[in-house]
Amino acid sequence: MTTSTEPPYYLLVSHSSLQHSSGLSSNSLAHTSVEYRYADDSPLILLSRHPDEHVLVLNHDPAKGDMPMVQSTSSHMAVTGIKVSAAPGASANEDHSTNDNMYVLEVVSTSDDQ
């Protein structure tokens, strides 16, 4: 694993849901679409473009070096945590300037609609 001062290069979403009607829970990992936004961008670009889209905002300030903050703009999805873990196969990447770890954003559905 490459040592780097850069934030993790990869990102996955771990989506847990509790089916209220059955009491069962499920968990899945998903790749996300990543769009970079900056502090001086309009906040309106963070709104969902269609009803089935869920927007998660990962706020990373490289000057602070702390774990980033993650928020959901959706009323049907809540962020429950963020963790950094090894990205399997990432060390085979020939670009040694990137951090071979990944952020895993932990989210949960807040309704039966997913």
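Residues numbered from 1 in each chain as written. Predicted model: local features only at pLDDT ≥ 70, side-chain atom pairs only at ≥ 80, totals over all residues. Heavy atoms only, no water.

Student: Would you mind showing me how to read the overall build of the protein here?
Tutor: Scanning the protein from terminus to terminus reveals zero helices and six strands. Buried residues in the protein amount to 23% of all 114 residues. Long-range pairs, those at least 24 residues apart, make up 53% of the contacts in the protein between residues at least 6 apart in sequence. (Helix = DSSP H or I, 4+ residues; strand = E, 2+ residues; numbered from the N terminus. Buried < 20%, exposed > 50% of the residue type's maximum accessible area, 1.4 Å probe, protein only. Contact = heavy atoms within 4.5 Å.)

Student: How should the nonpolar core be read in this particular structure?
Tutor: The tendency in soluble globular proteins is for nonpolar side chains to be buried as a group. If you look at the biggest cluster of nonpolar residues, it comprises six residues: Val13, Val70, Met77, Tyr103, Leu105 and Val107. Here the element with the most residues in this core is strand β6 (residues 99-109); it accounts for three residues. Aside from chain neighbours lying at most four places away, what touches Val70 is Val57, Leu58, Val79, Ile82 and Leu105. (Core = buried A, V, L, I, M, F, W, Y, C linked by side-chain atoms within 4.5 Å.)

Student: Before we go on, may I ask you to explain the confidence of the model for the protein in this structure?
Tutor: Residues shown with low pLDDT carry predicted positions that ought not to be read at fine detail. Taken as a whole, the protein shows an average pLDDT of 80; of its residues, 79% reach a score of 70 or greater. Of all the helices and strands in the protein, strand β2 (residues 25-31) carries the lowest mean pLDDT, 79, while strand β4 (residues 69-72) carries the highest, 92. (pLDDT = per-residue confidence, 0-100.)

Student: Honestly, the side chain of Ser14 in this entry has me stumped. Any pointers?
Tutor: Within the secondary structure layout, Ser14 lies in strand β1 (residues 8-18). Beyond its immediate stretch of four places on either side in the chain, Ser14 contacts Asn27, Ser28, Leu29, Val104, Leu105, Glu106 and Val107.

Student: So what exactly am I meant to see when it comes to the packing of aromatic side chains here?
Tutor: Any pair of aromatic rings gets described here by the distance separating the centres and the angle formed by the planes. One pass over the full model with this rule turns up one aromatic pair. For the ring pair Tyr9 and Tyr10, a centre distance of 5.0 Å and an interplane angle of 85 degrees mean the geometry is edge-to-face. Residue Tyr10 is classed as partly exposed on the basis of its relative accessible area of 25%. (Phe/Tyr/Trp six-rings, centres within 6.5 Å; stacked < 30°, edge-to-face > 60°.)

Student: Help me understand the environment of Tyr10, please; the structure alone is not making it clear to me.
Tutor: Turning to its location among the elements, Tyr10 is positioned in strand β1. In the structure, Tyr10 is positioned 75 residues away from Ser85 in sequence and 9.8 Å away in space, judged by C-alpha atoms.

Student: Hey, could you run me through the environment of Met77 in this one?
Tutor: Within the fold, Met77 resides in strand β5 (residues 77-86). Looking at Met77, the relative accessible area reads 11%, which means it is buried. Sequence separation between Met77 and His54 is 23 residues; the distance between their C-alpha atoms is 7.3 Å. For Met77, the residues in contact, after removing those within four places along its chain, are His15, His54, Leu56, Ser72, Val107, Val108 and Thr110.

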